[in-house]
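Topology and contacts: notes
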Amino acid sequence: MRTDKSHALYQEAKEIMPGGVSSPVRAIDPYPFYVQSARGAQITDVDGNSYIDYCMGYGPLVLGHAHPAVRAAVAKQLEKGWDYGTPITLEIDLAARIRTHVPSIEMLRFVSTGTEATMSAVRAARGFTGKDTIVKIEGGYHGAHDAVLVKPGSAATSTASSLGVPPEAVKNTVQVPFNDIGALAVTLEKHEPACVIMEPVMGNIGPVLPVGAYLKEVRSVTSENDVLLIFDEVITGFRLGAGGAQHVYDVVPDLTTLGKIVGGGFPIGVFGGKREVMELVAPLGAVYNAGTFSGHPISLAAGLATLSVLNEEVYRHINRLGDQLRRMLTDRLAELRLNLVVQGIGSMFQLFFAGHPVQNYEDARRCDDRLYKRFAGFMRDEGVFLPPSQYETCFLSLAHSSEDVAFTVEAYTRALEKLFGRVVGNPNPQHHTT
Ligand SMILES: Cc1ncc(COP(=O)(O)O)c(C=O)c1O
């Protein structure tokens, strides 16, 4: 496989941008591929290599790349101009559609990223309750703002937050492990926080599911303690179904954050929820929030087009592919006698380089990310683009097919054999786990 052009471009990029990239996970070792174009489930690089894409822009592209409905909506909006600094009808249309599907969102505000959405939701929760402390889940990722950059996912090997985040900025952030209701209950009593912010299905340490009645228990214990519950559904919103994880698990949060899919692949964020909390947001109330690009017409048009295409049939398709892929891959691992774990839900999945199920951040940290990175490189050689870190989630889209899944499972097999040697019949299948 030739990659000379990507290699040369990366040398140039490194001179001018830290790590040569605009977001750290993209700095694939030894160098990323540079994209020429993408359509459907395929992404093609400047050297002419094509890959089946399971990164899908890290989640927004639930319809696949360059879906015709989204292209048409964006083209139509471009004709009319694209930045007005004054309200447009599309805002009301998209807000109403979101509220229809996610009824816990009584009022909402559009912002430009998921980071802004969680930052603003936390500010609203603090403003409403008059309390400063917030509780987050270890390994939960809510974007790159100071208050939540403590043991964030996506960088799950670091325990620190980040240089440049003053201790004062995180001194009011308390952490608890996922799937541990006892720890949460004790923390709420001890710290009396404004809110708990959590991904109902974690997506930034790989996909990690709530076990048993965990989310319902979280709801009970937060209600009992008068603590606002924020579900960060930036990944799961309109991914696990139109109602998101809150519908799937039948748990009603006080506030919700959305992003990714609701912008159809263009920058967006949303925070919303209980009317009495949202009525505190400026200009109605004293919780400040603003943005030059908030409610950007192109993002609204792309998001509305995306939500218009999403229906039961689409969710059936992507969820069935997810089930198929997880089942086939699990069977194949057994045939190969490899003690690795496949996890996920709906159209989210990941292969964990660990011999144990991953139920929280500590479990995730015991995965072998270095091995995963080598493996993801072998997968690219096989024509499959996976997110390049163990601590990301793979995404299926409407554009993926059963044939893509079958091809992908064969690619997994060859890549794993390359990584571990031919292990069929290996009597000691755990030799490679950490
Ligand atoms: C759950 C979750 N919340 C928030 C964010 C931040 O969103 P953005 O990258 O749009 O700022 C992400 C990004 O991946 C996310 O996965």
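Above this note sits the structure.
Owing to the predicted nature of the structure, the values given are computational and were not obtained by experimental measurement.

What to know about the packing of helix H13 (residues 369-381) against helix H14 (residues 402-420)
As a packed pair, H13 and H14 sit with axes 9 Å apart at the nearest point and diverge in direction by 125 degrees. It follows that H13 is oblique to H14 by the angle criterion. The interaxial crossing formed by H13 with H14 has right-handed handedness. For the pair H13 and H14, the contacting residues are Leu371, Arg374, Phe375, Phe378, Met379 and Asp381 in the first and Thr408, Ala411, Tyr412, Ala415, Leu416, Lys418, Leu419 and Phe420 in the second. Of the residues assigned to the contact of H13 with H14, the class counts are ten nonpolar, one polar and three charged.

Re the site of the ligand
In the vicinity of the ligand, the contacting residues are Thr113, Gly114, Thr115, Tyr141, His142, Gly143, Glu199, Asn204, Asp232, Val234, Ile235 and Lys260. Contact distances for the ligand include 2.6 Å between a nitrogen atom and a side-chain N or O atom of Asp232. A distance of 2.9 Å separates an oxygen atom of the ligand from a polar side-chain atom of Lys260. Bound to the protein, the ligand loses 82% of the 390 Å² it would expose on its own. A per-class count over the shell around the ligand returns three nonpolar, six polar and three charged.

Things to note about the packing of aromatic side chains
In this structure the tally under the stated criterion is nine aromatic pairs. Ring geometry for Phe353 and Phe420: centres 6.4 Å apart, planes at 40 degrees, overall tilted. In this pair, Phe353 sits in the loop between strand E12 (348-352) and helix H12 (361-365) while Phe420 sits in helix H14, placing the two residues 67 residues apart along the sequence. Among the aromatic residues, ring-to-ring pairing joins Phe353, Tyr372, Phe375, Tyr412 and Phe420 into one connected group.

Focus: the sheet that holds strand E7 (residues 195-198)
The seven strands lie next to each other as E4-E10-E9-E8-E7-E5-E6, forming an open sheet whose pairing is mixed. Pairing within the sheet leaves two strands with one partner each, and these edge strands are strand E4 (107-111) and strand E6 (173-176). The sheet shows a mean angle of 20 degrees between the axes of neighbouring strands, taken without regard to direction. Pairing of strand E8 (residues 228-232) with strand E9 (residues 255-258), which is carried by three bridges, proceeds in the parallel orientation. If you follow Asp232 over to E9, its bridge partner there is Thr257. Running over the sheet, helix H6 (residues 181-191) touches strand E5 (134-137), E6 and E7 and is turned about 160 degrees from E6.

Notes on H13
The end-to-end C-alpha distance of H13 is 19 Å, a good match for the 18 Å that 13 residues give at a rise of 1.5 Å each. Listed as buried for H13 are Asp369, Leu371, Tyr372, Phe375, Ala376, Gly377, Phe378, Met379 and Arg380. Summarising the contacts, the buried residues of H13 are in contact with strand E3 (50-53), E12, strand E13 (384-385) and H14. The opening residue of H13 is Asp368, an N-cap whose side-chain oxygen sits 3.3 Å from the backbone nitrogen of Arg370. Gly383, located one to two residues past H13, shows a positive phi value of around 90 degrees.

Rules used in this analysis
Numbering of residues starts from 1 in each chain and follows the order in which that chain's sequence is written. In keeping with the model being predicted, local features are shown solely for residues with a pLDDT of at least 70 and side-chain atom pairs are shown and tallied solely at 80 or more, while totals for entire chains, interfaces and linings include all residues. Only heavy atoms go into the side-chain values, all of them from the structure, while hydrogens and water stay out. In this analysis an axis means a line fitted to C-alpha atoms, helices contributing only their contacting stretch, and an angle means the value between N-to-C directions, from 0 to 180 degrees. Numbering of helices and strands runs from the N terminus, with a helix taken as a DSSP run of H or I at least four residues long and a strand as a DSSP run of E at least two residues long. What sets the label is the angle itself: under 35 degrees gives roughly parallel, over 145 gives roughly antiparallel, 65 to 115 gives roughly perpendicular, and the rest give oblique. Crossing handedness is defined as follows: a turn of the near helix away from the far one that is anticlockwise and smaller than a right angle gives a left-handed crossing, while the clockwise case is right-handed. Two residues form a contact once any of their heavy atoms are found within 4.5 Å. Throughout, the ten residues Ala, Val, Leu, Ile, Met, Phe, Trp, Tyr, Cys and Pro are labelled nonpolar, Asp, Glu, Lys and Arg are labelled charged, and all others, Gly among them, are labelled polar. Throughout, near means a residue has at least one heavy atom within 4 Å of the molecule or strand. Whenever two N or O atoms come within 3.5 Å, that pair is a polar contact, provided that in protein one can donate a hydrogen and the other can accept it, and provided that, for residues adjacent in sequence, both atoms are side-chain atoms. In these tables, accessible area is a Shrake-Rupley quantity obtained with a 1.4 Å probe, and a residue counts as shielded only by the protein chains included in the view. Think of it this way: a Phe, Tyr or Trp ring, Trp meaning its six-membered ring, pairs with another when their centres are within 6.5 Å, and the plane angle makes it stacked under 30 degrees, edge-to-face over 60, tilted otherwise. Should DSSP find at least two bridges between two strands, the strands are regarded as paired. Take the residue count of a helix, subtract one, and multiply by 1.5 Å to get its expected span. Only protein chains enter the accessibility calculation, which uses a 1.4 Å probe; a residue is then buried when its area is under 20% of its type maximum, exposed when over 50%, and partly exposed in between.

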